[in-house]
Amino acid sequence: MSTRIPQIETGWAKALKKEFESAYFKDLREFLVSEKSKSQVFPPGSLIFSAFNHTPFSEVKVVIIGQDPYHGKDQASRLCFSVTKGVRHPPSLVNIFKELQNDLGIPYPKSGDLSPWAARGVLLLNTTLTVREGLAGSHKGKGWEQFTNAVIREISDRKEGIVFLLWGKFAQTKEEFIDKQKHFILKAAHPSPLARGAFFGSRPFSKTNQILKEQGLDPIDWRVDV
């Protein structure tokens, strides 16, 4: 990653200019250069900011917060909870799709690629945007959290009526960066099987659409196989 951040949508580039020019982000760039010299890092550098390119700043209606990218070679994705089309669905994504089916009656999708959601205004934000192959959480505490906290604050400060889906305790720690007077927060258990099914019945998809419709906005089309 060079000082000039490549391939990021202009609205996000403007909103995050201060972060890209900060000292901590310079340190983060240097860390990633070092990591790539000795390990495989996911996703590739040109795809690190894909979540922002799939969902321009002006089009964000919903935010789903994850932790870090999948660390398996075939699973590595640039959108939280998403995998490349044709890749086996990880357990958390399986449960997301089961809840989608129960909530809205949408048939369980064949594809695990959530980019159709992103194109419709759902920002799929991992709070750590890179990971070392085979080592979950390996880029935690290196600066990404500070950057993505700033992303959440920018959305909160500059926009209104955004629906934030906070699944699990980790995502719910980000509530402090959201202005609850301007936005909507829907909390639920994490979709991981470790939550022992507590995610089921939370109905995040229908609740989100109801909130959007009450604001006079178009609901999200949550289908994936389109």
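Residues numbered from 1 in each chain as written. Predicted model: local features only at pLDDT ≥ 70, side-chain atom pairs only at ≥ 80, totals over all residues. Heavy atoms only, no water.

Student: I'm lost on the pairing of strand β3 (residues 122-126) in this one. Help?
Tutor: Every other side chain in a regular strand lies on the same face of the sheet, so the side chains alternate between the two faces. Among the 5 residues in β3, 5 count as buried, and that is most of the element. Here β3 shows a buried face lined by Val122, Leu124 and Asn126 and a second buried face lined by Leu123 and Leu125. Sheet topology places strand β2 (residues 62-66) next to β3; 5 bridges connect them, and they run parallel. Counted as the bridge partner of Val63 is Leu123 from β3. (Buried < 20%, exposed > 50% of the residue type's maximum accessible area, 1.4 Å probe, protein only. Helix = DSSP H or I, 4+ residues; strand = E, 2+ residues; numbered from the N terminus. Pairing = 2+ DSSP bridges.)

Student: Looking at this structure, how should I read helix α9 (residues 204-214)?
Tutor: At 3.6 residues per turn, the α-helix brings residues three or four places apart onto the same side. Those residues of α9 that sit buried are Pro204, Phe205, Ser206, Thr208, Asn209, Ile211 and Leu212. Buried residues in α9 make contact with β2, α5 (91-104), α6 (115-119), β5 (163-167) and β6 (184-188). Phi turns positive, to about 80°, at Gly216, one or two residues after α9. (Contact = heavy atoms within 4.5 Å.)

Student: Help me out: how do you make sense of unusual backbone geometry in this one?
Tutor: Residues other than glycine predominantly adopt negative phi, and peptide bonds predominantly adopt the trans conformation. Cis geometry marks the peptide bond from Phe42 to Pro43; its omega dihedral reads -10°. You can see Pro43 is positioned in the loop between β1 (41-42) and α4 (50-54). Despite not being glycine, Phe81 shows a phi value in the positive range, around 70°. With respect to the element layout, Phe81 can be found in the loop between β2 and α5. Accessibility expressed as a relative area gives 10% for Phe81, which makes it buried. Although it is not a glycine, Arg203 sits at a positive phi angle of roughly 50°. Looking at the secondary structure, you find Arg203 in the loop between β6 and α9.

Student: Mind showing me how you'd approach the sheet that holds β2 here?
Tutor: Two pairing modes exist for strands in a sheet, parallel and antiparallel, and in both the strands are linked by backbone hydrogen bonds. Pairing within the open sheet is parallel, and its 4 strands lie in the order β3-β2-β5-β6. The sheet terminates laterally at β3 and β6, the two strands that pair on one side only. When the angles between neighbouring strand axes are averaged without regard to direction, this sheet yields 20°. Packing against the sheet, α9 makes contact with β2, β5 and β6, and its axis sits at approximately 160° to β5. (Axes fitted to C-alpha atoms, helices over the stretch in contact; angles between N-to-C directions.)

Student: What am I meant to see in the side chain of Thr130 here?
Tutor: Within the secondary structure, Thr130 is located in the loop between β3 and β4 (131-132). Here His139 takes part through its side chain, which lies 2.7 Å from a polar atom of the side chain of Thr130. At 2.8 Å, the side chain of Thr130 and the side chain of Trp144 are in polar contact. Beyond its immediate stretch of four places on either side in the chain, Thr130 contacts Leu32, Val41, Phe42, Pro43, Ile48, Asp68, Pro69, His139 and Trp144. (Polar contact = N/O pair within 3.5 Å; in protein donor to acceptor, adjacent residues only side chain to side chain.)

Student: Just to check I follow, could you spell out the packing of helix α3 (residues 23-38) against helix α7 (residues 144-158) for this structure?
Tutor: To characterise two packed helices, one gives the angle between the axes of the helices and the distance between these axes. The geometry of α3 relative to α7 is characterised by a closest axis approach of 9 Å and an angle of 130° between their N-to-C directions. Between α3 and α7, the angle falls in the class oblique. The handedness of the crossing between α3 and α7 is left-handed. Taking contact as the criterion, the partners of Tyr24, Phe25, Leu28 and Leu32 in α3 are, on α7, Trp144, Gln146 and Phe147. Per-class residue counts for the contact of α3 with α7 are 6 nonpolar, 1 polar and no charged. (Parallel < 35°, antiparallel > 145°, perpendicular 65-115°, else oblique. Left-handed = near helix turned anticlockwise from the far one by under 90°. Nonpolar A, V, L, I, M, F, W, Y, C, P; charged D, E, K, R; others polar.)

Student: Before we go on, may I ask you to explain the nonpolar core in this structure?
Tutor: Most often, soluble globular proteins keep nonpolar side chains buried together rather than apart. With 62 residues, the main nonpolar core has Trp12, Phe49, Phe52, Trp117 and Phe147 as its most contacted residues. With residues up to four places along the chain from it excluded, the contact list for Phe52 reads Ile8, Glu9, Trp12, Leu16, Leu125, Leu129, Phe147 and Val151. (Core = buried A, V, L, I, M, F, W, Y, C linked by side-chain atoms within 4.5 Å.)

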